[in-house]
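# Summary of structural features
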Amino acid sequence: MPVLSTLGSVSRRGWVGIGLVGFVLFSDLIWSRTERWLSARRARRHTEATVAEVFFANERSNRPDDAGVSMDRFTSEHVQRIVDYLDRARVAVYLGMYIVTVDKIGDALIRANARGVRVRVIGCSSMAYSSGSQMNKMAEEDIPIRFNDSSSAYLMHHKFCLIDTDWLCAGCYHAERVRRLGFCCDGSGPANGGSALPVGHAMVNGGGGGGLVANSGGGKAVVPCDLADRSGCARCRKVLREEKERVLVGEGGGGRDPLPAGGIIITGSTNWTMQALSGNWDNMIVTSRQEVVAPFQAEFQRLWACFAWSPPMFERGGGRAAAGR
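This text gives an overview of the structure that appears in the document. Predicted model, so just to flag it, every value in this text is computed and none were measured. (Residues numbered from 1 in each chain as written. Predicted model: local features only at pLDDT ≥ 70, side-chain atom pairs only at ≥ 80, totals over all residues. Heavy atoms only, no water.)

### Structural notes on the overall build of the protein
For clarity, the cut-off: Where helices and strands are cited, they refer to DSSP runs of H or I of at least four residues and of E of at least two residues respectively, numbered from the N terminus. When accessible area is computed with a 1.4 Å probe and restricted to protein chains, residues below 20% of their type maximum are described as buried, those above 50% as exposed, and intermediate ones as partly exposed. Any two residues whose heavy atoms approach within 4.5 Å at even a single point are treated as in contact. We get accessible surface area from the Shrake-Rupley algorithm with a probe of 1.4 Å; when it comes to residues, only the shown protein chains can shield them.
For the protein, the helix and strand inventory stands at 9 helices and 7 strands. When burial is assessed residue by residue, the protein has 43% of its 325 residues classed as buried. Residue pairs at least 24 apart in sequence account for 76% of intrachain contacts in the protein once pairs closer than 6 positions are excluded. Entry remark: accessible area of the protein is about 16,700 Å², with carbon and sulfur atoms responsible for 56%.

Printed below as a string of structure tokens:
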């Protein structure tokens, strides 16, 4: 009864005020939710977009109208382009690079690792201790790094970086190798002079080794892909793909520009050094096209397993950073 009498005592003007306040609060709620939905939709469009860019390291350094412009400007332009892509990483960065000496790039990889992005690096043992190498700095921050065997006559001469791509499960790795080569195992086996990973060597998230050939030492048994492993990956399992997209988009769009859901690759002739990014006649290609990305995914995983043989080049404490994880 007191409540009814209180309500009855509210004037018409009071009711209008209450109605306006309610309308404002309701409108604010609707707009907030709409804004989050639009932001997520915009971000999702980015995850479905196709990236395809080509850059030439010294393209702008000899234009007639660039007289008097310092080389630092041209160098920083390409360095910043790489750093911007690394700073957009949310899931993973897999780098296979002959030599990395640019401080800003090393710092960007360390930042990615610090924010929970899985960072794995493959380098060339011949360049590990070169002047300005970023490898030791990254190892100090517990970024796992693997190298080819230092006694090998061959170089790990790759120059590519996968960003926000998937780590292929045993089945998808096997399928990609078969699609490209017609077979999966990288060697013909011990009968023909090949050496392979020892039985039980794990290559893919606890799965099989895929018959991968190591470059030195070890056992002789060829290990087939563990196709009975059904753990899957974002490439073959819808639930994992949707989970990855949520990570890329983030709550309310994440406030950042997400990369396409399948990730991207940066590759070309360019080492990540100041000379290569300024003066050399070098190139970089950035693309999200899966027919280009997928072979590099499989190649990185093949090398990651093969170079597990090699002793760590850098050690911190027990050497866990360099030994890999």
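So that's the structure; there's more coming.
### Looking at the environment of W167
Take W167: it is sitting in the loop between β5 (159-163) and α6 (170-181). A relative accessible area of 7% places W167 in the buried class. Note: C-alpha distance between W167 and A298 (131 residues apart in sequence) is 8.6 Å.

### Describing the environment of D103
Using the following cut-off: We define a polar contact as two N or O atoms separated by no more than 3.5 Å, with the added condition that, inside protein, one atom must be a possible hydrogen donor and the other a possible acceptor, whereas residues neighbouring each other in sequence contribute only through side-chain atom pairs.
Here D103 is to be found in helix α4 (residues 103-114). Each C-alpha atom of the pair D103 and V79 lies 9.7 Å from the other, and the pair is 24 residues apart in sequence. Among the polar contacts made by the side chain of D103, one reaches the side chain of Q134 at a distance of 2.8 Å.

### Quick word on the sheet that holds strand β2 (residues 92-97)
For clarity, the cut-off: Two strands are counted as paired when DSSP detects at least two bridges linking them. Structural elements are reduced to axes, namely lines fitted to C-alpha atoms, with helices fitted over the stretch in contact, and the angle between N-to-C directions of any two is expressed from 0 to 180 degrees.
The 7 strands lie next to each other as β1-β7-β6-β5-β2-β3-β4, forming an open sheet whose pairing is mixed. The sheet is open, and its two borders are formed by β1 (52-56) and β4 (145-147), each paired with just one other strand. Each strand axis lies, on average, 10 degrees off the axis of its neighbour in the sheet, ignoring direction. Judged from the 5 bridges that link them, β1 and strand β7 (residues 283-287) form a sheet pairing that is antiparallel. Paired with F56 across the strands is N283, a residue of β7. Packed on one face of the sheet, helix α8 (residues 290-306) meets β2, β3 (118-123), β4, β5, β6 (264-268) and β7 and runs near 75 degrees to β3.

### What to know about the pairing of β2
Defined as follows: Call a crossover right-handed when, viewed with both strands pointing away from you, the route from the first strand across the helix to the second goes clockwise.
With 6 of 6 residues buried, β2 is to be regarded as a mostly interior element. Two strands pair when backbone bridges link them, and β2 and β3 are joined in this way by 5 bridges, in the parallel orientation. Opposite L95, over in β3, you have V121 as the bridge partner. Taking the sense of rotation as the criterion, the β-α-β connection linking β2, α4 and β3 turns out right-handed. Sheet analysis places β2 next to β5, joined by 5 bridges and oriented antiparallel. Bridging from a neighbouring strand, L95 pairs with C161 of β5.

### A look at the packing of aromatic side chains
Quick note on the threshold: Pairing of aromatic side chains here covers Phe, Tyr and the six-membered ring of Trp, requires ring centres within 6.5 Å, and sorts the geometry by plane angle: under 30 degrees stacked, over 60 edge-to-face, intermediate tilted. Remark: a charge is flagged as sitting over a ring if the NZ atom of Lys or the CZ atom of Arg is within 6 Å of the ring centre and within 35 degrees of the ring normal.
One pass over the structure, following the stated rule, counts 6 aromatic pairs. Each residue in the set Y94, F160, W167, F296, F300 and W304 is aromatic and connected to the rest through ring pairs, giving one cluster. A cation over an aromatic ring shows up here: R118 above the ring of W167, its NZ or CZ 5.8 Å from the ring centre. One residue, R120, lies across the ring of W167, its end atom 4.4 Å from the ring centre.

### Examining the pattern of salt bridges
When charged atoms on two side chains of opposite charge get close, those side chains can pair. The cut-off we apply is this: A carboxyl oxygen of Asp or Glu within 4 Å of a side-chain nitrogen of Lys or Arg is what we treat as a salt bridge.
Counting across every chain of the model gives 10 salt bridges. Taking the shortest distance from any N to any O, the salt bridge between E176 and R179 comes out at 2.7 Å. Placement of the pair is E176 and R179 together in helix α6, with a separation of 3 residues, close to one helical turn. Between E242 and K238 there is a salt bridge whose closest N-O contact spans 3.9 Å. Placement of the pair is E242 and K238 together in helix α7 (residues 238-249), with a separation of 4 residues, close to one helical turn. Within the structure, one salt-bridge network assembled from shared partners comprises D103, D107 and K137.

### Re the nonpolar core
Inclusion rule: The set of buried Ala, Val, Leu, Ile, Met, Phe, Trp, Tyr and Cys residues whose side-chain atoms join them within 4.5 Å is what this entry labels a nonpolar core.
Within the largest apolar cluster, 39 residues are counted, with the highest numbers of intra-cluster contacts made by L86, V93, I105, I163, I266 and W272. Ignoring anything within four residues of it in the chain, the contact list for I163 reads Y85, L86, A89, A92, V93, L259, G263, I264 and I266. If you look at the next biggest cluster of nonpolar residues, it comprises 17 residues, including M156, F300, C306 and F307.

### Brief notes about the state of the cysteines
Simply put, the disulfide is a covalent bond whose two ends are the sulfur atoms of two cysteines. Where we set the bar: For the purposes of this analysis, a disulfide is any pair of cysteine sulfur atoms at a distance within 2.5 Å.
The tally for this structure, following the rule as stated, stands at 0 disulfides. Here C172 stays free of any disulfide, with the sulfur of C233 as its closest cysteine sulfur at 3.7 Å. Using a relative accessible area of 9% as the deciding quantity, one classes C172 as buried.

### Brief notes about the pairing of β3
Among the 6 residues in β3, 5 count as buried, and that is most of the element. Bridge analysis of β3 against β4 gives 3 bridges, and the strand direction is parallel. Bridging from a neighbouring strand, V121 pairs with I145 of β4.

Purely geometric stuff here, so don't read any function into it on its own.
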